[in-house]
Amino acid sequence: MSADKCPVDHSSFASSSKDQCPVDHSTRSSWSTILSRHPQDGHGAAELPDTPAPPANLPLDRETSSIPRTDGGNWVYPSQAQFFAAMARKNHNPNESDMKVVVPIHNAVNERAWQEIMKWESRQGGDKCGGVKLVSFKGRPNDLSPRARWYSLLGYSPPFDRHDWVVERCGTRMRYVIDFYTGHGGGSSPRNVSFFLDVRPALDGWEGVRLRTERFWQRWVGGLWAEPAKPEGIHQKP
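Because the structure is a prediction, the values reported are computed rather than measured.

**Quick word on the state of the cysteines**
Formally, a disulfide is one covalent bond, and it connects the sulfur atom of one cysteine to the sulfur atom of another.
Reasoning step 1: Taken as a whole, this structure holds one disulfide when the rule is applied.
Reasoning step 2: Two residues share a disulfide in this structure: C129 and C170, whose sulfurs sit 1.8 Å from each other. Disulfide C129-C170: torsion about the S-S bond near -90°, hence left-handed. Pair noted here: C129 is in the loop between α2 (99-121) and β3 (133-139) and C170 is in the loop between β4 (161-169) and β5 (172-184), with a separation of 41 residues, a long-range link.
Reasoning step 3: On the accessibility criterion, C170 (42% relative accessible area) is partly exposed.

**Focus: the confidence of the model for the protein**
Reasoning step 1: Predicted confidence across the protein gives a mean pLDDT of 75, with 66% of residues reaching 70 or more.
Reasoning step 2: Taken as a whole, residues 1-50 scores under 50 in pLDDT and shows 123 contacts with residues more than four places along the chain or in a different chain.
Reasoning step 3: Below a pLDDT of 50 lies the segment residues 229-238, which in the model reaches zero contacts outside its immediate sequence neighbourhood of four places, other chains included.

**A look at the environment of G208**
Reasoning step 1: Tracing the chain through its elements places G208 in helix α4 (residues 206-225).
Reasoning step 2: We classify G208 as buried; its relative accessible area is 2%.
Reasoning step 3: In the structure, G208 is positioned 32 residues away from Y176 in sequence and 8.3 Å away in space, judged by C-alpha atoms.
Reasoning step 4: If sequence neighbours within four positions are ignored, G208 has contacts with M174, P201, A202 and L203.

Reading guide: rules and limits
- Residues numbered from 1 in each chain as written.
- Predicted model: local features only at pLDDT ≥ 70, side-chain atom pairs only at ≥ 80, totals over all residues.
- Heavy atoms only, no water.
- Disulfide = S-S within 2.5 Å.
- Helix = DSSP H or I, 4+ residues; strand = E, 2+ residues; numbered from the N terminus.
- Buried < 20%, exposed > 50% of the residue type's maximum accessible area, 1.4 Å probe, protein only.
- pLDDT = per-residue confidence, 0-100.
- Contact = heavy atoms within 4.5 Å.

Take a look at the structure:
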């Protein structure tokens, strides 16, 4: 196998080897996500076999995310050239001029997903062992989660994408489900798009059940016993 190629069997969900790229490049995700482990020179087509060469004038620089890996360092987002090549390989007919808009939005939404996971992981002890880290993720745009299916039955639009992210906290691995919804913000421009992320631990293990139960208790039950907030901006006259 060529040393330039990603050494992963992408038919598997995840791997524990730190030398492997844990992203499923075969997934037809709406984001065409192609996070890789390290920046490279060139257009990155070597990471994706049979990927068409992107236009030569697309930028090759890549942004380092705030999302830590298990072996140190942080994950690196694809360049505009790599993103174009991945979309072309999946027959999405990408527009070269759109890359400067699509790639930053893609990166920002993934950063938001990590922030939402960190809210769940707050006060769970991950800081005692170097922090929570992203092990792998898999795009599953064609698989509705049970919650998304229920919302669809209620008349809501289904998510345009779904990811399953596996994180590690002090040796414990847990899967998070992320449903990506889209809507339109203010203004008449078609590019005025807003995003809503429904992020929660999967209920396939005790740790996920525990976190979900604690969140439910704090939000719904705990609020019944909380002291009413004092009104602000009202001062009693002497």
